[in-house]
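# An overview of the molecular structure
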Amino acid sequence: KALAKLNTIRQGARSFVDFICDFDRLLLEAGGWNWDDRVKKGYLRATVPLRLLQATISVEEKPTYIEFCS
């Protein structure tokens, strides 16, 4: 169930801080905390608004999931 929710959850109007708490909880419930960082970042990228992704194009991507989220 948590994995299905990871595929459909969206940030929407919530702050990123509030959203990432829910996202990380779902990731943990889905057994994904030990997944490769590239996989976790891919799931996260699919959830945030396009405008946020576009705003980070010129920012160097951090290698780990934890760094990527901060």
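In the block above lies the structure referred to throughout.
Residues numbered from 1 in each chain as written. Predicted model: local features only at pLDDT ≥ 70, side-chain atom pairs only at ≥ 80, totals over all residues. Heavy atoms only, no water.

Take the overall build of the protein chain next. Of regular secondary structure, the protein chain possesses five helices and zero strands. Along the protein chain, helices (α) and strands (β) appear in the sequence α-α-α-α-α when read from the amino end. Relative to the 2.2 N^0.38 estimate, which gives 11 Å for 70 residues, the radius of gyration of the protein chain is 12 Å and therefore close to what a compact globule would have. For the protein chain, contacts bridging at least 24 residues in sequence account for 57% of all contacts bridging at least 6. Roughly 4,800 Å² of accessible area belongs to the protein chain as shown, and the carbon and sulfur atoms make up 58% of that amount. Taken as two groups, the 11 positive and 9 negative side-chain charges of the protein chain have centres that lie 6 Å from each other. (Helix = DSSP H or I, 4+ residues; strand = E, 2+ residues; numbered from the N terminus. Rg over C-alpha atoms; globule rule 2.2 N^0.38 Å. Contact = heavy atoms within 4.5 Å. Areas by Shrake-Rupley, 256 points an atom, 1.4 Å probe, with all protein chains shown as cover. Lys, Arg positive; Asp, Glu negative; His and termini not counted. Charge placed at Lys NZ, Arg CZ, Asp CG, Glu CD.)

Compared with an ideal rise of 1.5 Å per residue, which puts 14 residues at 20 Å, helix α2 (residues 16–29) spans 20 Å between its outermost C-alpha atoms and is within 8% of the ideal. The secondary structure elements touched by the buried residues of α2 are α1 (2–6), α3 (37–45) and α5 (65–69). Positioned one or two residues after α2, G31 has a phi angle of 80°, which is positive. (Expected span 1.5 Å × (residues − 1).)

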